[in-house]
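Descriptive analysis of the structure
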Amino acid sequence: MKFTLSWLKTHLETEASVDEIAEALTDLGLEVEEISNPAARLSDFTIGKVLSAEKHPEADRLKVCQVMTDEGETQIICGAPNAREGITVVIAKPGVYVPGIDTTIGVGKIRGIESFGMMCSEREMELSDEHDGIIELPSGEVGERFIDWLAAHDPAKVDPVIEIAITPNRPDALGVEGIARDLAARGLGRKIERPVEPVAASWQSDLTVTIDGDTLDGCPVFCGRVIRGVKNGPSPQWLQDQLRAIGLRPISFLVDVTNFFTFDRNRPLHVFDLAKVKGNLRVHRATGGETLVALDDKEYALQPGQMVISDEAGPESIAGIMGGAETGCSEETTDVFVESAYWNPIQIAYAGRALKINSDARYRFERGVDPAFTPVGLEHAVRMIVDHAGGEASQLIQAGAVPDTARSYTLNPARVQSLVGMDIPESEQRQTLTALGFRLEGNQAHVPSWRPDVLGEADLVEEVARVASLTKLQGRPLPRTSGVNRPIMTPMQRRAQMARRTVAALGYNECVTYSFIDKAAAALFGGGDDATMLANPISSEMSYLRPSLLPGLLQAAARNQARGFGNVALFEVGDTFAGGEPGEQAMRVVGVRIGATGPKDVHGAARPVDVYDAKADAEAVLASLGAPAKTQVLRGGEGWWHPGRHGRICLGPKKELAVFGELHPKVLQALDVKGPAVAFVVDPAAIPMPKKASATRAALDLKDLQAVERDFAFVVGADVEALTLVNAAQGADKALIEEVRVFDEFIGGSLGEGQKSLAVTVRLQPKDATLTETDIEAVSAKIVEKVTKATGGTLRG
């Protein structure tokens, strides 16, 4: 948003400097991005008078001029055709930088004669493109600063231009009046009220405007007036200067009026050449396929549902975005229809993006203009047109009604202290809100129609605080509490922290991957259904919530392999999702190893990672999180695990703590990972919470009774898994059996086809008394019974 200082002063009576205004605007939340001050680069130029101008003896086109300056009479060589005795000129003395030629003037000789300065043209001073001759001033005193003369006689040439950044929640600051309102509330001046006296209707127009029923939600009100007998032409100089200063090209008076009110009051308008309008106007939604050549001379194909203004011949304007070239104004225009309407911000944004049109009107309507100002803004424009271009105005032509945006919130002065931490007197708070346009009735603050961003009591506090200046906010230490504060982190947060430390200590590198993945990757790990599909995805590669952390880690591993890093150990602690509702997410600790356990060395210590590496890492994580030491390893993992090389660490058949193993080759191939790859997945929430919460370690439990080990060899079928035998043996006496370990496997010999021998060591750890031979025999019998029942095997003789 650009505006000039003189433009601002038409709404704000102030003596503040440009720097003071810029500082206040930034502090108010309207950040100043750039200040272009022509006076700054012209401050060293002064006014002089040519006393004489003689032809240069060595050059036909040069003249030797004697010029009176503030330092006395000096000699300047000049080649301008209009250099002559008696004219008042602009002087650049030695040492002055001339921006138009990017040169610092010095003393020099031209064809043997010294020159002590330069008489400047407008282009050399970047005032215009005029360079046929030097500047001739109609007045001015010798030695007077040129910028002071410009400020008094041609202020537009030294008018500072301020550009501010507008946040989406402040559409009211897209007009100079709104900026002036904020500055007046800060105390930098008095806001100038500029009410309009509507032009009386001198005749009745037959033109009508209708809004289709299905379009009223997008255009609740449409106003206009017909003016006949207008004389279009160039705009007044002040209007041209203001538009040029902010980067707009003056076109014609009727067009310039619409641009002026767009920036002056944040009120986009449109003017139709009534002679080109066929019949009456209708606001409706496009059916799709209609085409329109807009004012930018480009043809646009309208999509179904987009709002359009049409006459009986077809579309004439893209509603709220850009008018049509067919009914645009020209110098021959004499009868016009001036339109002012309110358009729904969301619908304008959708249409503008779909058509790829960026216009000042769209920029404002999609952020929200003042709906109550719709008919008032029309009257301002009609008054300006009639006053400058003549003509007779018709009655007000209106369809629909101005939407009601009235709302109020309670002003609680104490909330400023509790929310912001500033002590602002209640009288100052009320004065601030009144200056910003709020209407106060007791403690009820009625929000002005131009502030769609104020939607609650907290917004009232924000307005008071920003006008008072948040730079006055002083830091205060939190009150000290006695004793030790309660822990802030939840048990699950502490487990996540401990898991990160543990896995990192095992040699893994932590990853943070996106929670969104593509459908194909999600489907590989049991996801990709409607419950986890995003309604508005960023891209097709991020269209589903992740059902597991493994896809992101494997994709990261694939990227590392593609860049020559073959040995990869990555982990992540994060949430997985079964759906998009609360409670349908769960935290997991996941690690992936690919390649070798380490780099190659002369000792040959490096080896390919295997399932036992993943098991050891999973057990280390479980131990750090306080999981029970006695667990079972079962089969039956999900389909993305290798069917014969994985295990589930459980407390029982239904209580799964973790899964480890090798990943299925088909999964690795689908994700372009060069395998094999081993991984583990730990569920921290499945680990039972300690019965007693304590910050100290449990007492060391040393056994004072000697453990006993017994070996058993069982003949079982060749298809019986060793894990089944181990679990059966452990279940014989969970209190007494501390460990069961396989130490031998034998196939062949006298066992016969389809048989094998598995030998295990069972460690018995008594707690109350030393085991007798009878006790040992009883436990041994239970072990044989359990294993025989679970595996169908027999004790080997």
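Please refer to the structure placed before this passage.
Structure report, in brief. None of the values given here were measured: they were computed from a predicted structure. (Residues numbered from 1 in each chain as written. Predicted model: local features only at pLDDT ≥ 70, side-chain atom pairs only at ≥ 80, totals over all residues. Heavy atoms only, no water.)

**Here we look at the sheet that holds strand β29 (residues 444-446)**
Spatially, β27-β29-β28 is the arrangement adopted by the 3 strands of the open sheet, whose pairing is antiparallel. Since the sheet does not close on itself, it has two edges, and those belong to β27 (408-410) and β28 (439-441), each with one partner. This sheet shows a mean twist of 25° between the axes of neighbouring strands, independent of strand direction. (Pairing = 2+ DSSP bridges. Helix = DSSP H or I, 4+ residues; strand = E, 2+ residues; numbered from the N terminus. Axes fitted to C-alpha atoms, helices over the stretch in contact; angles between N-to-C directions.)

**Quick notes on the packing of aromatic side chains**
By the definition in use, this model includes 10 aromatic pairs. Here the aromatic rings of Phe222 and Phe337 are separated by 6.5 Å at their centres, their planes lie at 10°, and the arrangement is stacked. Of this pair, Phe222 sits in strand β16 (residues 221-228) while Phe337 sits in strand β24 (residues 336-342), and the two are 115 residues apart along the sequence. Assigned by exposure class, Phe222 and Phe337 land together as buried. Note on Trp238 and Phe260: the rings are 5.7 Å apart at their centroids and 85° apart in plane angle, and the pair reads as edge-to-face. Placement of the pair is Trp238 in helix α6 (residues 237-245) and Phe260 in helix α7 (residues 253-264), with a sequence separation of 22 residues. A cation over a ring is seen here: Arg228 above Trp203, with NZ or CZ 4.1 Å from the ring centre. Here the basic side chain of Arg367 rests over the ring of Tyr363, its NZ or CZ set 3.7 Å away from the ring centre. (Phe/Tyr/Trp six-rings, centres within 6.5 Å; stacked < 30°, edge-to-face > 60°. Buried < 20%, exposed > 50% of the residue type's maximum accessible area, 1.4 Å probe, protein only. Lys NZ or Arg CZ within 6 Å of the ring centre and 35° of its normal.)

**Describing the nonpolar core**
Membership of the largest hydrophobic core comes to 106 residues, with the highest contact counts inside it found for Leu25, Ile164, Leu183, Phe222 and Trp343. With 7 residues, the single largest contributor to this core is helix α10 (residues 374-389). The contacts of Leu183, once residues within four sequence positions are left out, are Leu8, Leu12, Ile21, Ala24, Leu25, Leu28, Leu188 and Gly189. By size, the runner-up hydrophobic cluster in this structure holds 29 residues, among which are Ala521, Tyr544, Leu570 and Leu663. (Core = buried A, V, L, I, M, F, W, Y, C linked by side-chain atoms within 4.5 Å. Contact = heavy atoms within 4.5 Å.)

**Regarding the side chain of Asp453**
By the secondary structure assignment, Asp453 is in the loop between β29 and α13 (457-468). Classification of Asp453 as buried rests on a relative accessible area of 18%. Side-chain polar atoms of Asp453 contact the side chain of Arg451, separated by 2.8 Å. For Asp453, the contacting residues outside a window of four places in its chain are Asn169, Arg170, Asp459 and Glu463. (Polar contact = N/O pair within 3.5 Å; in protein donor to acceptor, adjacent residues only side chain to side chain.)

**Quick word on the pattern of salt bridges**
On inspection of all chains with the given rule, the structure shows 45 salt bridges. For Asp617, the salt bridge goes to Arg593, with nearest N and O atoms at 2.9 Å. One end of the pair, Asp617, is in helix α17 (residues 611-624); the other, Arg593, is in strand β34 (residues 585-594), with 24 residues separating them in the sequence. A residue is classified by how much of its surface remains accessible, and Arg593, at 14% relative accessible area, is buried. Between Lys756 and Glu745 there is a salt bridge whose closest N-O contact spans 3.8 Å. Within this pair, whereas Lys756 is found in strand β41 (residues 755-764), its partner Glu745 is found in strand β40 (residues 737-747), the two being separated by 11 residues in sequence. (Salt bridge = Lys/Arg side-chain N within 4 Å of Asp/Glu carboxyl O.)

**What about the packing of α6 against α7?**
In the contact formed by α6 and α7, the axes pass within 11 Å of each other and the chain directions differ by 55°. By the angle between their axes, α6 is oblique relative to α7. When you trace α6 past α7, the crossing you get is left-handed. Along the contact surface, α6 presents Trp238, Leu239, Gln242 and Leu243, while α7 presents Phe253, Asp256, Asn259 and Phe260. Taken together, the residues of the contact of α6 with α7 sort by class into 5 nonpolar, 2 polar and 1 charged. (Parallel < 35°, antiparallel > 145°, perpendicular 65-115°, else oblique. Left-handed = near helix turned anticlockwise from the far one by under 90°. Nonpolar A, V, L, I, M, F, W, Y, C, P; charged D, E, K, R; others polar.)

**Regarding the packing of α7 against α10**
Packing of α7 against α10 leaves a shortest axis separation of 11 Å and a crossing angle of 145°. The interaxial crossing formed by α7 with α10 has right-handed handedness. For the pair α7 and α10, contact is made by Phe253, Leu254, Val257, Phe260 and Phe261 and by His380, Ala381, Met384, Ile385, His388 and Ala389, respectively. For the contact of α7 with α10, a count of residues per class yields 9 nonpolar, 2 polar and no charged.

**Side note on the sheet that holds strand β1 (residues 2-4)**
The pairing of strands in a sheet happens through backbone hydrogen bonds and is either parallel or antiparallel. Strand order in the open sheet formed by 3 strands is β1-β13-β3, with antiparallel pairing between adjacent strands. The sheet is open, and its two borders are formed by β1 and β3 (32-36), each paired with just one other strand. Pairs of neighbouring strands in the sheet enclose a mean axial angle of 20°, with direction left out of account. On top of the sheet, helix α2 (residues 18-27) reaches β1, β3 and β13 (161-164); it is set at about 165° to β3, its chief contact.

**Observations concerning α2**
Along α2, the residues classified as buried are Val18, Ile21, Ala22, Ala24 and Leu25. Buried residues along α2 cover an arc of 165° about the axis, so they all sit on one side. In this structure, α2 carries Asp19 and Glu23 as exposed residues pointing more than 90 degrees from its buried face. For α2, the secondary structure elements touched by its buried residues are β1, α1 (5-8), β3, β13 and α5 (176-186). Gly29 sits one or two positions beyond α2 and adopts a positive phi of about 100°. (Arc of directions from axis to C-beta.)

**As for the environment of Met125**
Structurally, Met125 is set in the loop between β12 (118-119) and α4 (146-153). Take Met125: its relative accessible area is 0%, and that puts it in the buried class. Ignoring anything within four residues of it in the chain, the contact list for Met125 reads Arg41, Leu42, Phe45, Val90, Pro99, Cys120, Ile135 and Phe146.

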